[in-house]
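Fold and contact review
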Amino acid sequence: MIPAAFEYHRPGDLSSALALLQEHGDDARVIAGGHSLIPMMKLRMAEVPHLIDLQAIDALRGITIEGPRVTLGAMVTQHEVIASDALMAVAPILGEAALQIADPQVRYMGTIGGNLANGDPGNDMPGLMQCLDASFHLEGPEGARSVMAREFYESAYMTARADDEILTAISFTAPRGGYAYEKQKRKIGDYATAAAAVMLTREGSTCAAASIAMTNLSDVPVWSAAAGAVLVGTDVGKDAVKAAVAAALADIDPTEDNRGPVAFKRHVAATIIARAITRAWGRA
Amino acid sequence: MNDLTPDRDDRVAKLKGLGCSRKRVEDARFTQGKGNYVDDIKMPDMLHGDFVRSPYAHARVVSIDASAALALDGVVAVLTAKDLEPLGLHWMPTLAGDKQMVLADGKVLFQGQEVAYVVARNRYVAADAVELVEVEYEELEVLVDPFKALQSDVTLREDIAGETSGAHGERRHPNHIFLWEEGDKAATEQVIDSADVVAEEMIYYHRTHPCPLETCGCVASMDKVNGKLTLYGTFQAPHVVRTVASLLSGIEEHNIRVVSPDIGGGFGNKVGVYPGYVCSIVASIVTGKPVKWVEDRMDNLMATAFARDYWMKGRISATKDGKITALEAKVTADHGAFDACADPTKFPAGFFHICTGSYDIPVAYVGVDGVYTNKAPGGVAYRCSFRVTEAAYFIERMIEVLAIELGMDAAELRRINFIREDQFPYQSALGWEYDSGDYHTAWDKALAAVGYDGLRAEQAEQLAAFKRGETRKLMGIGLSFFTEIVGAGPVKNCDILGMGMFDSCEIRIHPTGSAIARLGTISQGQGHATTFAQILASEIGIPADSITIEEGDTDTAPYGLGTYGSRSTPVAGAATALAGRKIRAKAQMIAAYLLEVHDNDVEFDVDRFVVKGAPERFKTMAEIAYAAYHQAIPGVEPGLEAVSYYDPPNMTYPFGAYICVMDVDVDTGEAHIRQVYALDDCGTRINPMVIEGQVHGGLTEAYAIAMAQEMAYDDMGNCKTATLMDFFLPTTWETPHYTTDHTETPSPHHPIGAKGVGESPNVGGVPAFSNAVHDALRPFGLRQLHMPHDHWRIWKAANDLGLHD
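Residues numbered from 1 in each chain as written. Chains lettered and ligands numbered in written order. Predicted model: local features only at pLDDT ≥ 70, side-chain atom pairs only at ≥ 80, totals over all residues.

**Some words on the overall build of chain B**
- Regarding its fold elements, chain B presents 20 helices and 35 strands.
- Its C-alpha radius of gyration of 28 Å places chain B within 12% of the 28 Å reference for a compact globule of 805 residues.
- By principal-axis analysis of the C-alpha atoms, chain B measures approximately 85 × 75 × 50 Å.
- Within chain B, buried positions represent 58% of all 805 residues.
- Counting contacts in chain B only where the partners sit at least 6 residues apart, residues at least 24 apart contribute 79% of the total. (Helix = DSSP H or I, 4+ residues; strand = E, 2+ residues; numbered from the N terminus. Rg over C-alpha atoms; globule rule 2.2 N^0.38 Å. Buried ≥ 20, exposed ≤ 12 C-beta atoms within 10 Å, placed from the backbone. Contact = placed C-beta atoms within 7 Å.)

**Observations regarding the overall build of chain A**
- Helix and strand content of chain A: twelve helices and 14 strands.
- A compact globule built from 284 residues should have a C-alpha radius of gyration of about 19 Å, and chain A, at 19 Å, falls within 12% of that.
- C-alpha atoms of chain A, sized along the principal axes, occupy 55 × 45 × 35 Å.
- Per-residue burial for chain A yields a buried fraction of 47% across its 284 residues.

**A few points about the UniProt feature "domain: FAD-binding PCMH-type" (unreviewed entry) in chain A**
- UniProt feature "domain: FAD-binding PCMH-type" (unreviewed entry): in the numbering of this structure it lies at residues 1-177 of chain A.
- Spanning residues 1-177 of chain A, this segment combines 33% helix with 25% strand, and its end C-alpha atoms are found 46 Å apart. (UniProt positions renumbered as here; feature names shortened; annotations may be inferred.)

**Quick word on helix α18 (residues 688-707) of chain B**
- With 20 residues, α18(B) should reach 28 Å at 1.5 Å per residue; the first-to-last C-alpha distance of 28 Å fits that figure.
- Across the 20 residues of α18(B), 14 count as buried, placing the element largely inside the fold. (Expected span 1.5 Å × (residues − 1).)

**Side note on the nonpolar core**
- In terms of nonpolar packing, the biggest core is built from 351 residues, with V198(A), I273(A) and V118(B) touching the most fellow members.
- Those residues in contact with I273(A) that lie beyond four places of it in its chain are A196(A), I212(A), V245(A) and A248(A). (Core = buried A, V, L, I, M, F, W, Y, C linked by C-beta atoms within 7 Å.)

**Observations concerning the confidence of the model for chain B**
- Per-chain confidence: chain B averages 97 in pLDDT, with 99% of residues scoring 70 or above.
- ipTM for the predicted complex: 0.96, alongside a pTM of 0.97. (pLDDT = per-residue confidence, 0-100.)

**Regarding the domain arrangement of chain B**
Residues and elements named next belong to chain B.
- Splitting chain B by domain gives domain 1 (8-35 + 503-646), domain 2 (41-140 + 215-263 + 270-303) and domain 3 (307-487 + 651-800).
- For domain 1 versus domain 3, the distance between C-alpha centres works out to 38 Å.
- Residue-level contacts link 23 residues of domain 1 with 22 residues of domain 3.
- Of all elements in the fold, only α15 (528-540) and α16 (568-595) reach the threshold of two or more residues within the side of domain 1 that touches domain 3.
- With seven residues, α16 is the largest single contributor of residues to the side of domain 1 that touches domain 3. (Domains from an automatic or database assignment.)

**Observations concerning the packing of α16(B) against helix α17 (residues 621-630) of chain B**
Residue and element names in this part refer to chain B.
- Axis separation between α16 and α17 bottoms out at 10 Å; the angle between their running directions is 90°. One way to sum up the angle between α16 and α17 is to call them roughly perpendicular. Contacts from A587, I590, A591 and L594 of α16 reach α17 at M621, I624, A627 and A628.
- A breakdown of the residues in the contact of α16 with α17 according to their chemical character gives eight nonpolar, no polar and no charged. (Axes fitted to C-alpha atoms, helices over the stretch in contact; angles between N-to-C directions. Parallel < 35°, antiparallel > 145°, perpendicular 65-115°, else oblique. Nonpolar A, V, L, I, M, F, W, Y, C, P; charged D, E, K, R; others polar.)

**Looking at the UniProt feature "domain: Aldehyde oxidase/xanthine dehydrogenase a/b hammerhead" (unreviewed entry) in chain B**
- If you check UniProt for "domain: Aldehyde oxidase/xanthine dehydrogenase a/b hammerhead" (unreviewed entry), the listed places come out as residues 32-141 of chain B in our numbering.
- The distance from the first to the last C-alpha atom of residues 32-141 of chain B is 51 Å, and the span holds 17% helix and 36% strand.

**Section: the domain arrangement of chain A**
Residue and element names in this part refer to chain A.
- Under the domain assignment used here, chain A contains domain 1 (7-53), domain 2 (58-173) and domain 3 (181-283).
- Its C-alpha centre places domain 2 at a distance of 21 Å from the equivalent point of domain 3.
- On the side of domain 3, 21 residues touch domain 2, which itself brings 19 residues to the contact.
- Mapped by element, the contributors of at least two residues to the side of domain 2 that touches domain 3 are α5 (92-98), α8 (125-131) and β8 (153-155).
- For the side of domain 2 that touches domain 3, the element with the highest residue contribution is α8, accounting for five residues.
- Within the side of domain 2 that touches domain 3, the residues separate by chemical class into nine nonpolar, five polar and five charged.

**Let's talk about the interface of chain A and chain B**
- The partner chain B presents 25 residues to the 18 residues of chain A that form the contact.
- Broken down by element, the side of chain A that touches chain B gets its largest block of residues, four residues, from helix α12 (residues 262-283) of chain A.
- For the side of chain A that touches chain B, the residue count by class is seven nonpolar, six polar and five charged.

**Quick look at helix α14 (residues 452-467) of chain B**
- A rise of 1.5 Å per residue sets the reference length of α14(B), with its 16 residues, at 22 Å; its end C-alpha atoms lie 23 Å apart and thus fit the reference within 8%.
- After α14(B) finishes, the residue G469(B) shows a positive phi value of roughly 85°.

**A short note on the sheet that holds strand β16 (residues 291-294) of chain B**
Residues and elements named next belong to chain B.
- One open sheet holds the seven strands; their spatial order is β3-β7-β1-β16-β13-β14-β15, and the pairing between them is mixed. Edge positions in the sheet fall to β3 (75-79) and β15 (256-259), since each has one partner strand and no second. Going across the sheet, the axis of each strand differs from the next one's by a mean of 20°, ignoring polarity.
- Both strand β14 (residues 228-233) and β15 contribute to a ladder of four bridges, which runs parallel. Bridge assignment links L231 to a residue of β15, and that residue is V258. (Pairing = 2+ DSSP bridges.)

**A look at unusual backbone geometry**
All names here are of chain B.
- The omega torsion of the bond from F424 to P425 falls at -5°, within 30 degrees of zero and hence cis.
- Structurally, the position occupied by P425 is in the loop between α12 (410-417) and β21 (426-427).
- The peptide bond linking A488 to G489 adopts the cis configuration, its omega dihedral lying at -25°.
- Relative to the assigned elements, G489 resides in the loop between β23 (473-483) and β24 (495-496).
- A positive phi angle, near 70°, is found at R308, a position not held by glycine.
- Considering the arrangement of structural elements, one finds R308 in strand β17 (residues 306-318).

**Brief notes about the pairing of strand β30 (residues 608-611) of chain B**
All names here are of chain B.
- In terms of strand pairing, strand β29 (residues 602-605) meets β30 through four bridges, oriented antiparallel. Among the inter-strand pairings, E603 is bridged to a residue of β30, identified as V610.
- Connecting the antiparallel pair β29 and β30 is a turn made up of two residues, with V606 showing a positive phi of about 65°.
- Note: β30 against strand β31 (residues 614-620), four bridges, orientation antiparallel. For R608, the partnering residue across the bridge sits in β31 and is T620.
- Hairpin connection between β30 and β31: a loop of two residues separates the two successive antiparallel strands, and G613 in this loop has a positive phi of roughly 80°.

And the structure:
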């Protein structure tokens, strides 16, 4: 559990960080909170000769709420998310999800950007951001661009971010209606056996809009358009929930690991999704 | 007299002796980060060791090329078996009469096995060099299933392939280690085969790991000028380590000093001798410099001693009205690659034959087959006396299965089979003499405390609601009544490597009335510095706050066999009391002289000797201590010191009643613990607060073991649980709340009646948690579900029972 030797860089602004990435190419990686990368380096599963720490770049910090638009700097920590009253007022689902990530010590260091950019299918924020239809803002040598969360993830640890780009911010429109982030895990600090993010909007007694995404049930986060569509126009009663769950399960592809076999994960996913829908509807 | 009473109470309170919830004196330094652990030790020019470990569970080592590692700046040496062979140290004896490779000698037998030992100027270079050692392996067929290992043509231990007998008798297969038997086999079979009711079940107690927060490690320092070897290490038995180190190295024992500094938990993991210690000593002898080796978490989980892994085939018979008539246990014990269990020499299955439990069972038989597989060696007592958790789990599961067979309430079945109070001392069918107990009182108290009948009614209501589709949660009530056997043990039948399992205490009273006591044990968090001072305070009348307790330095402490198996209080605690009584006897003579009366005319009273019938005439212990060093007393040697080596006449038999109530979610497999009630009877209670802490800690381990914690391997022998992501160590978040309670039945043969408690909650807790899971699913036909009861296994049980249809 001792990493190989590496050079440590701590640039003070984004352009310096990008220049370092350019200079060292494949030998360099940026580090945010480090709670995925450092264990990988200690296990020597990742060798990073040049580690570029983003902590000193103020431009990557801060939570901005302008009208309905919410922008999170990539270096905003999970703790800052939870502690932000303004953010909790407009998007409480972020806090509900962040509180289910690891433990307080990890949340003081772990960042939204790191959680999103690493591409680990176990991370909770990617599914949530797909549920919220968020945009990811990237900067690289060619300039800035945005990618939708729902188009960002290609396979485990593979994303639309180029190696010489840095995720700088995330933005989304503050959601309306009911919400829930439901997660089953074996213990504190574990990745989800199954987790679901659900946003529902109610008009009268029927569901006007629905967004459902899932975590750790495939090699990428899964936003199930079909599951949401099934709920729209219904009373989110027992049969509608059942149909939405069936639609969601058609979109997942879990694999066996120490958490259990595939059949178990699919059953748990069904239970978790149903609970998330029911809870979200109760808040809608 | 009345006006003297409060004064006496004050004096008693001031001592902080037996029965006082004295705050732990160790905690000031531990809670402030001021402990001194092995990894805190830094010495000038100290080198660092690290292992090249096998990625394979079974493979031939074709070649080892260390040239690239040796070329790295800062690397001092790379040791392989070839380097150790001329010293005779490429293999070492285990505590179980087997031998174990120190470094891979021609082949590897488990994943994580030590192959080469790198010595470098710092820890980082050592880790880099490990990567550079090139080892060529030729993979061999892997055996991870002990039943298949006994059928296989593959011989794991080629070094003893032709030997048809081992340290514990006949070996009937190359992968067989021993068959150990106790009890009357023929009579047991005869009773069971003709019984009214027989319950039969295979009970598996899975492989797990003690996983102390601090991993194992040492610093070896050979002083070539004076020929002395100093070995600092995480040793639960420092004196035994000194003797073993002397026997292995040829260094005379007086030239070896072993020091156990603060230890961050042991739980049996730190009893044995590991390759890291041997290699560090050799490296220090070769280089003449101190060498430190400290495991990381993966090293610890993969390579140092595991616990349990017992497949227990049981048969239990009873009359139609539930009176148990016989018990049979046939165990297949997976010992891994080497038999490195840490049991007393004559007991290769430890004290598993305590498995008749708390019940009056007239005839019984135990047969344990030890088997080699391609897993890490070990089989240590993880917070229990030797194989006692396995035994307690076995009988407490068999009782539950028998209750199903009889259609009887399991609480009642226990009650009608308990050994009665008037039967103590009780001779068990498997050869033990239980010292004391009052099981019925404890059981009734426990059932009343939880409101057992009400819980059963509530459970029935919840079951009905489940069947109506109103809930997906089932309520389970887990019962457990356990009897432990601790305090090993009488020298006549308990030894480790030939050394009798006595223990010791040496006391020096200082002239101003304070004291130091040194013991042969070593605290790893048990709080010895707190509780042994309390024993002594009550015995010699000096306040516990004025007594220093010191352990772990073999140059200063008297010889003892160490701390494990809840033996410290039963054995060293007894030595402490008896050494204290020697002090008191001498103090009495001094007091009589000072008071100018005959020895028999003074009596001990809390903190002083008083003239009988004249309590105003007295000498306090402080005055007596002063006189011992400052006054010529005819016929009495100066000074006030004593030493006692205690050979216990018997083991002690703590017992307890634990009850767990939980809800099991059949869809997610999650178990929510509602309530855990733990009644312990550990005899005389020295420090109720320390006892409560011990019980909380042990219950938390029991909860982990029963519900999720395991060492799992795939078919290739890859360890699947080598990090704390997959190996469950509960945090405060997962840990349930506990209610503790007690009865007090002193041991008749222990000087202060104390029995030991540190391990009871692990022993009794596991069946309580496991039985609750079983009880929840019992209405649907569940008889036996192997631990750990993690989410997917509970889900699978529910699925197999048709609860998802």
